There are 2 protein chains.
Amino acid sequence: MNNKDTIHMSIKEFKENGYKVIDWIADYYENIESYPVLSNIKPGELRKNLPKSPPQNGENFNNILSDMNDKIIPGITHWQSPNFFAYFPCNATGPAILGDLLSSGLGVQGMLWASSPACTELESHVLDWLVDMLRLPKKFKSTTSGGGVIQDTASSATLCALIAAREKISNGKINESGFDDSMRVYTSIEAHSSIEKAVKIAGIGSKNLRLIEVDQNFAMDPIKLREAINNDINNGKTPAFVCATIGTTSSTAIDPLKEIGKICDEFGIWLHVDAAMAGSTSICPEYQFINDGIEYADSYCFNPHKFLLTNFDCSCLYISDKEALIKSLTINPEYLKTEVSDLDTVFDYRDWQVPLGRRFRALKLWSVIRYYGISGIQSHIRVHIKAAKILSDLIMQDNRFEIMAPTVLNLVCFRYKASDQFNTLLLNKLNKSGALYLVHTKLNNKYTIRFSIGQTNTTEEHVVNAWKFILKTTEGMEKDGIK
Amino acid sequence: MNNKDTIHMSIKEFKENGYKVIDWIADYYENIESYPVLSNIKPGELRKNLPKSPPQNGENFNNILSDMNDKIIPGITHWQSPNFFAYFPCNATGPAILGDLLSSGLGVQGMLWASSPACTELESHVLDWLVDMLRLPKKFKSTTSGGGVIQDTASSATLCALIAAREKISNGKINESGFDDSMRVYTSIEAHSSIEKAVKIAGIGSKNLRLIEVDQNFAMDPIKLREAINNDINNGKTPAFVCATIGTTSSTAIDPLKEIGKICDEFGIWLHVDAAMAGSTSICPEYQFINDGIEYADSYCFNPHKFLLTNFDCSCLYISDKEALIKSLTINPEYLKTEVSDLDTVFDYRDWQVPLGRRFRALKLWSVIRYYGISGIQSHIRVHIKAAKILSDLIMQDNRFEIMAPTVLNLVCFRYKASDQFNTLLLNKLNKSGALYLVHTKLNNKYTIRFSIGQTNTTEEHVVNAWKFILKTTEGMEKDGIK
């Protein structure tokens, strides 16, 4: 981009088009509640409207913007709608969008400290801030033997933690000789599917993953964990890695970290804590209880892109022994050697992740933390947890419905007291209406509707209105004699 | 973001700040040649200027912009400077920055088709366009048994291809039971370090990676490959995966795909082609030769973020048997089941990658292809390959220097005919001057300077001026009696 007359977008043209894109986004948020939350296009419908072949000659950027309205928007499921209650949220906010835009504009690639020192140093700094903000153990700070790094998702963070543990416990042997069927990995039956995915990718094999039973609140049962570990040791296996969850996907169950941590400590097992969704809430003193026992963790991850107002992708991985992670992922070819890396005084973050290259993602996180401040983020989280409590109370007051799990933070799990088919049909009707978007899970083997509250602009009013709409839809189904 | 008075950035405020960020980026490009290309800050210097603690209360967004100038810019190594000749480029362009901004604004997460159909369908569509644009085999199109997907980097693409091959060849056994020391993987000694990293992550172990010798042009020797395969078969091992490179990092060597492909075909080995940097050039008919033999490939990847004018991160992975990839990475918990996924008529891209979540990265690629058109991209690539030829000729005319590898595309490898220490010192002097940024490699065990031409705004003039500066610096060193 420059002022010369070339095939590239000039600086002047960039400014003109840039303002238009900013306006387009502003208009999008202005109108977001008028769109059906869940896109109602049919498979293949969007592609049918696109030209079969790419253009031979360049087009005006305006064409792209007008296609955004006509062709793209109908195929969007609106994650930023305040009526999006599905999955876990992916928070977008003004300061995050603009922080990310600064990163795109700079276009630096921070694989090494030297390849853009600001990218590495701001990341370490902001991740150290977050240790204090979330009241995590000091051993996760970059100024100790530990440190933090931004990953794309918790799936990748878990994979990195698992590889680090695999190598530390095998003394580097598996990286060299391949997996040898020696190790066992543990998580609860309610843990996220990414643990199994990581175990498969790492060549450990799903048969070496032990899924531990849970208690009545869907939290890992530490007695069962101990039994599984003892059993494996008796069979000559090495228990290597436990993944505990703070806030499961199905029901926000909180595994008993302290008991699990003591067991890991006793047997020399690497404890990873997956706090992808719930982790952000410990910024509020009243939710610090979720981290009870966190001092036992060897690694910990949470996703600012879920509940800390930062655009996807941004998952923070902390590790107490950074050398273990670096050793397990380092590769040092000649063309990546720099003067400074040799000094051992800087982090080359490529050794903390699967990919080599990396965006300057710290900018959006820095922008969010500064724009909101600690107190702003706290009040945001409180609004949503309060709304969940209100919804949960409303549901409990209506004896046609049942709450399927304790409402611990911002997720409410419920079902209509009828068949799974009734609830499936109810969910489909709700989603097809376009008024809101919800997804289901199974708890105690029953079809359960998850109502996840976390989109930036969701207010108590949105939640209460959604509940009224659910009631109305249910009553319509009752009248139609559906059971 | 809305018009209400909340703690969040309002739509009005977003527009005001958005324009400011657009202006900031415009100013950045206006002044980019005035900055030292390689940041000259010392380790820790940036962090020293940042507050030790995060703010308790929110700040005005203007503070962030003013810190960008005062605190961040000094720590930036300017990948978008036309005098950046290091590593491989990470192209940023106006249409890519704005396409990415649209993605940040929409804030959708495309893990499943249903979670935002446009995100999946535009990606499949644009990747099919690229099959035609780069003249890749039709078997890579989404309308066949194959398909394409955007990954963050070639490192991740290679890992996914390796996992797919590992599972296909083991009949799903390794995912289930873990790696069993049965398989062997092959690549050349000049291949990218990400292959070894992937082999380690996948639990295969580096001792099962065979690094094949290269010919005088640094391309894999197929005779040596065959020998290694035969040797492994005789030792009871299963040759599983060959990674051939189109354009190595050190010298743009092009492995002989046809010969390698025939061998893979004969032995039932998965052939992956890593064309991260060079792949984009086949959009020009005169560089299609790089793909000679590509019909043998089971998977192929190239990086639009390197030479196709699209901001990092954007690496395209193609696969001829998408079922193999999906089977190797799929996990299907209850909370991710959708009505449409069951129909088998759509792609859920989470099963094509390591992470679960994904950004709407197709927007920036779509924006670039439409803004430039095929002919715009072709002319961009031709400018840089021509500049490399000119530089290469200039070097060859000066008998104090030697060219260390054929100048195949846009990378020139050379050294001053003196000791490695002289060349190391030369490189350091050049980089410390701030006038340009280069990195080194080793070829035939000699310290070699890599001059990589690919930054969007680099012109012939920048390259010629850089060469004059190199000459001047060398002559200064000669005068100082350095040898």
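Computed from a prediction, not measured in an experiment: that's the story for all the values here.

1. Here's the deal with the overall build of chain A
A count of helices and strands for chain A gives 15 helices and 11 strands. Computed over the C-alpha atoms, the radius of gyration of chain A is 24 Å, within 12% of the 23 Å expected from 2.2 N^0.38 for a compact globule of 483 residues. Its C-alpha atoms give chain A principal-axis dimensions of roughly 70 × 60 × 45 Å. Expressed as a percentage of contacts within chain A between residues at least 6 apart in sequence, the contacts between residues at least 24 apart total 73%.

2. Quick notes on the environment of Gly75(A)
Looking at the element boundaries, Gly75(A) is found in the loop between helix H3 (61-72) and helix H4 (94-106). For the pair Gly75(A) and Pro43(A), spaced 32 residues apart in sequence, the C-alpha separation works out to 9.8 Å. If near-sequence neighbours (up to four positions away) are discounted, Gly75(A) is found in contact with Ser39(A), Ile41(A), Leu46(A), Pro117(B), Ala118(B) and Glu121(B).

3. Details of the nonpolar core
With 339 residues, the main nonpolar core has Cys160(A), Leu271(A), Leu438(A), Cys160(B), Leu271(B) and Leu438(B) as its most contacted residues. What Cys160(B) contacts, discounting residues up to four positions off in sequence, is Gln151(B), Leu317(B), Leu325(B), Leu329(B), Gln353(B) and Val354(B).

4. Details of the domain arrangement of chain A
Many analyses report the size of an interface as the accessible area lost when the parts associate. Residue and element names in this part refer to chain A. By domain assignment, chain A separates into domain 1 (11-91), domain 2 (108-359) and domain 3 (377-479). Summarising the inter-unit geometry, the C-alpha centres of domain 1 and domain 3 are found 28 Å apart. Facing the 16 residues of domain 1 at the interface are 18 residues of domain 3. Here the side of domain 1 that touches domain 3 is built from residues that sort into 10 nonpolar, six polar and no charged.

5. So, the relation of the copies chain A and chain B
In the superposition of chain A on chain B (RMSD 0.0 Å, axial shift 0.0 Å), the rotation amounts to 180°. The superposition operator between the copies reduces to a two-fold rotation axis. Here 100% of the contact residues of chain A are again contact residues in chain B; the copies associate through an equivalent surface.

6. A word on the environment of Pro89(A)
Residues and elements named next belong to chain A. Counting through the fold element by element, Pro89 comes out in the loop between H3 and H4. Note on Pro89: 27 C-beta atoms within 10 Å, which makes it buried. When the C-alpha atoms of Pro89 and Arg166 are compared, they prove to be 31 Å apart, with 77 residues separating the residues in sequence. Once you skip the residues sitting within four places of it in the chain, Pro89 turns out to touch Phe84, Lys306, Ser452, Gly454 and Gln455.

7. A word on the interface of chain A and chain B
Listed per partner, the contact involves 134 residues of chain A and 134 residues of chain B. Considering each element in turn, the side of chain A that touches chain B owes the most residues, 15 residues, to helix H1 (residues 11-31) of chain A. Split into classes, the residues belonging to the side of chain A that touches chain B amount to 62 nonpolar, 49 polar and 23 charged.

8. Re the pairing of strand S1 (residues 147-151) of chain A
The two faces of the sheet receive side chains in turn, since in a regular strand these alternate between them. The element S1(A) is extensively covered by neighbouring structure, given that five of its five residues are classed as buried. Because side chains alternate across S1(A), one face comprises the buried residues Gly147(A), Val149(A) and Gln151(A), and the other comprises Gly148(A) and Ile150(A), equally buried.

9. Brief notes about helix H15 (residues 460-479) of chain A
All names here are of chain A. If you check H15, its first and last C-alpha atoms are 29 Å apart, about what 20 residues at 1.5 Å a residue would give, namely 28 Å. Taken together, the buried positions of H15 are occupied by His462, Val463, Ala466, Trp467, Ile470 and Thr474. Take H15 and look down its axis: the buried residues cluster within an arc of 135°, on one side only. Every exposed residue of H15 that faces more than 90 degrees away from the buried side is listed here: Glu461, Lys468, Lys472, Glu475, Gly476 and Lys479. For H15, the secondary structure elements touched by its buried residues are helix H13 (362-396), strand S9 (411-416) and helix H14 (420-433). Residue Gly481 follows H15 closely and has a positive phi angle near 75°.

10. Overview of the sheet that holds strand S4 (residues 238-245) of chain B
Residue and element names in this part refer to chain B. One open sheet holds the seven strands; their spatial order is S1-S7-S6-S5-S4-S2-S3, and the pairing between them is mixed. Both edges of this open sheet fall to strand S1 (147-151) and strand S3 (209-212), since each of them pairs with a single strand only. Ignoring which end each strand starts from, the neighbouring axes of this sheet average 20° apart. Inspection of the sheet shows strand S5 (residues 270-274) paired to strand S6 (residues 299-302) by three bridges, in the parallel sense. Within S6, the position partnered with His272 by the bridge is Ser299. Its contacts with the sheet put helix H10 (residues 257-267) on S4 and S5, and the angle it makes with S4 is roughly 165°.

11. Quick look at the sheet that holds strand S9 (residues 411-416) of chain B
All names here are of chain B. In spatial order, the strands read S8-S9-S11-S10; together these four strands make up an open sheet with antiparallel pairing. Each of the sheet's edge strands pairs with one partner strand only, and the pair in question is strand S8 (401-403) and strand S10 (439-443). When the angles between neighbouring strand axes are averaged without regard to direction, this sheet yields 40°. Two strands pair when backbone bridges link them, and S8 and S9 are joined in this way by three bridges, in the antiparallel orientation.

12. Focus: the pairing of strand S6 (residues 299-302) of chain A
Residue and element names in this part refer to chain A. Taking every second residue as pointing to the same face, both faces of S6 are buried, with Ser299 and Cys301 on one and Tyr300 and Phe302 on the other. In terms of strand pairing, S6 meets strand S7 (residues 315-319) through four bridges, oriented antiparallel. Within the sheet, the bridge partner assigned to Phe302 lies in S7 and is Cys316.

13. Thoughts on the environment of Lys364(B)
All names here are of chain B. Relative to the elements of secondary structure, Lys364 occurs in helix H13 (residues 362-396). Residue classification places Lys364 among the buried residues on the basis of 32 C-beta atoms within 10 Å. For the pair Lys364 and Leu102, spaced 262 residues apart in sequence, the C-alpha separation works out to 8.3 Å. Sequence-distant contacts of Lys364, that is, excluding residues within four places in its chain, are made with Ala96, Gly99, Asp100, Ser103, Thr310, Asn311 and Cys314.

14. Here's the deal with unusual backbone geometry
In this structure, the amide linkage connecting Phe312(A) to the following residue, Asp313(A), adopts the cis form with an omega of 5°. Here Asp313(A) is to be found in the loop between helix H11 (304-307) and S7. Even without a glycine there, the phi angle at Tyr87(B) is positive, about 40°. Structurally, the position occupied by Tyr87(B) is in the loop between helix H3 (61-72) and helix H4 (94-106).

15. A closer look at helix H9 (residues 222-234) of chain A
Residues spaced three or four apart along an α-helix point in a common direction, a consequence of the helix completing one turn every 3.6 residues. All names here are of chain A. For H9, spanning 13 residues, the distance from its first C-alpha to its last is 18 Å, which sits close to the expected 18 Å at 1.5 Å a residue. Restricting attention to buried positions, one finds in H9 the residues Pro222, Leu225 and Ile229. The buried residues of H9 all sit within an arc of 50° when viewed along its axis, so they share a single face. Exposed residues lying more than 90 degrees from the buried face of H9 are Asn230 and Asn234.

16. A short note on the confidence of the model for chain A
Per-residue confidence for chain A averages 96 on the pLDDT scale, and 99% of its residues sit at or above 70. Here the prediction assigns the complex a pTM of 0.97, and the interface score ipTM is 0.96.

17. Some thoughts on the packing of helix H5 (residues 117-133) of chain B against H13(B)
Residue and element names in this part refer to chain B. Between H5 and H13, whose axes approach to 9 Å, the crossing angle comes to 40°. Relative to H13, the element H5 is oriented oblique. Here H5 and H13 pass one another in a crossing that is left-handed. Contact residues: H5 offers Cys119, Leu122, Glu123, Val126, Trp129 and Met133, while H13 offers Ala362, Leu365, Trp366, Ile369 and Ile374. Its residues assigned to classes, the contact of H5 with H13 shows 10 nonpolar, no polar and one charged.

18. What to know about the packing of H4(A) against H4(B)
Between H4(A) and H4(B), whose axes approach to 10 Å, the crossing angle comes to 160°. Compared by their axis directions, H4(A) and H4(B) come out roughly antiparallel. Handedness of the H4(A)/H4(B) crossing: right-handed. Counted together, Ile97(A), Asp100(A), Leu101(A), Ser104(A) and Gly105(A) of H4(A) and Ile97(B), Asp100(B), Leu101(B), Ser104(B) and Gly105(B) of H4(B) form the full contact between these two elements.

Procedures and definitions
- Residues numbered from 1 in each chain as written.
- Chains lettered and ligands numbered in written order.
- Predicted model: local features only at pLDDT ≥ 70, side-chain atom pairs only at ≥ 80, totals over all residues.
- Helix = DSSP H or I, 4+ residues; strand = E, 2+ residues; numbered from the N terminus.
- Rg over C-alpha atoms; globule rule 2.2 N^0.38 Å.
- Contact = placed C-beta atoms within 7 Å.
- Core = buried A, V, L, I, M, F, W, Y, C linked by C-beta atoms within 7 Å.
- Buried ≥ 20, exposed ≤ 12 C-beta atoms within 10 Å, placed from the backbone.
- Domains from an automatic or database assignment.
- Nonpolar A, V, L, I, M, F, W, Y, C, P; charged D, E, K, R; others polar.
- Least-squares fit on C-alpha atoms with pLDDT ≥ 70 in both.
- Expected span 1.5 Å × (residues − 1).
- Arc of directions from axis to C-beta.
- Pairing = 2+ DSSP bridges.
- Axes fitted to C-alpha atoms, helices over the stretch in contact; angles between N-to-C directions.
- pLDDT = per-residue confidence, 0-100.
- Parallel < 35°, antiparallel > 145°, perpendicular 65-115°, else oblique.
- Left-handed = near helix turned anticlockwise from the far one by under 90°.

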